[in-house]
Amino acid sequence: ARHATYYASCALRPDAKGLVTDACVPLSALAGVIGATAEDVAESGVVGPVFGHAGDGNFHCILPLREDDDEEYVRRVEGVNERLIKRTL
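Since the structure is predicted, the reported quantities are computational estimates derived from the model, not experimental observations.

Calculation rules
- Residues numbered from 1 in each chain as written.
- Predicted model: local features only at pLDDT ≥ 70, side-chain atom pairs only at ≥ 80, totals over all residues.
- Heavy atoms only, no water.
- Core = buried A, V, L, I, M, F, W, Y, C linked by side-chain atoms within 4.5 Å.
- Buried < 20%, exposed > 50% of the residue type's maximum accessible area, 1.4 Å probe, protein only.
- Helix = DSSP H or I, 4+ residues; strand = E, 2+ residues; numbered from the N terminus.
- Phe/Tyr/Trp six-rings, centres within 6.5 Å; stacked < 30°, edge-to-face > 60°.
- Axes fitted to C-alpha atoms, helices over the stretch in contact; angles between N-to-C directions.
- Parallel < 35°, antiparallel > 145°, perpendicular 65-115°, else oblique.
- Left-handed = near helix turned anticlockwise from the far one by under 90°.
- Contact = heavy atoms within 4.5 Å.
- Nonpolar A, V, L, I, M, F, W, Y, C, P; charged D, E, K, R; others polar.
- Salt bridge = Lys/Arg side-chain N within 4 Å of Asp/Glu carboxyl O.

Further remarks concern the nonpolar core. With 13 residues, the main nonpolar core has Val-46, Phe-59 and Leu-63 as its most contacted residues. Elements with a minimum of two residues in this core: helix H2 (27-44), strand S4 (58-65) and helix H3 (71-88). At four residues, the largest contribution of residues to this core is made by H3.

Right, here's the structure in full:
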């Protein structure tokens, strides 16, 4: 089922290909990091469903990008990705 999340995420923006993140945090930090990432996605005004493997602390955010996205949108997506990485360190 989780493999279908890629296609479901990309379908939120037709003709998009997903930038897939893959991060892992201690289980005690998982809920907070997922919540902060979802908030960051919303505040950044981009599309990026967040989901995880609750048993091992691994989570993903799929950020669909289209070839015709303007530089500003791409910068916001890249910012979400950079902050996600910092959040997990």
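Another point: the packing of aromatic side chains. Scanning the entire structure with this criterion turns up one aromatic pair. Relative to Tyr-7, the ring of Tyr-6 lies with its centre 5.2 Å away and its plane at 90 degrees, an arrangement referred to as edge-to-face. The exposure class assigned to Tyr-6 is partly exposed, which follows from its relative accessible area of 25%. Taking the relative accessible area as the measure of exposure, Tyr-7 reaches 61% and is therefore exposed.

The next thing to look at is the packing of H2 against H3. As a packed pair, H2 and H3 sit with axes 10 Å apart at the nearest point and diverge in direction by 160 degrees. With respect to H3, the element H2 is oriented roughly antiparallel. In terms of crossing hand, the pair formed by H2 and H3 is right-handed. Counting all contacts with H2, which are made through Val-33, Ala-36, Thr-37, Asp-40, Val-41 and Ser-44, the residues of H3 involved are Arg-76, Val-80, Arg-83, Leu-84, Arg-87 and Thr-88. Looking at the contact of H2 with H3 residue by residue, the class counts come to five nonpolar, three polar and four charged.

Below, the discussion takes up the pattern of salt bridges. Applying the stated criterion to the full structure yields seven salt bridges. Ionic pairing is found between Arg-13 and Asp-69, a salt bridge with its closest N-O pair at 2.7 Å. You can see Arg-13 sitting in the loop between helix H1 (4-11) and strand S1 (17-20) and its partner Asp-69 sitting in the loop between S4 and H3, a full 56 residues away along the chain. A salt bridge links Arg-87 to Asp-40; its shortest N-O distance comes to 3.0 Å. Within this pair, whereas Arg-87 is found in helix H3, its partner Asp-40 is found in helix H2, the two being separated by 47 residues in sequence. Given a relative accessible area of 9%, Asp-40 falls into the buried group. Overlapping salt bridges, with partners in common, bring together Glu-71, Glu-72, Arg-75 and Arg-76 in one network.

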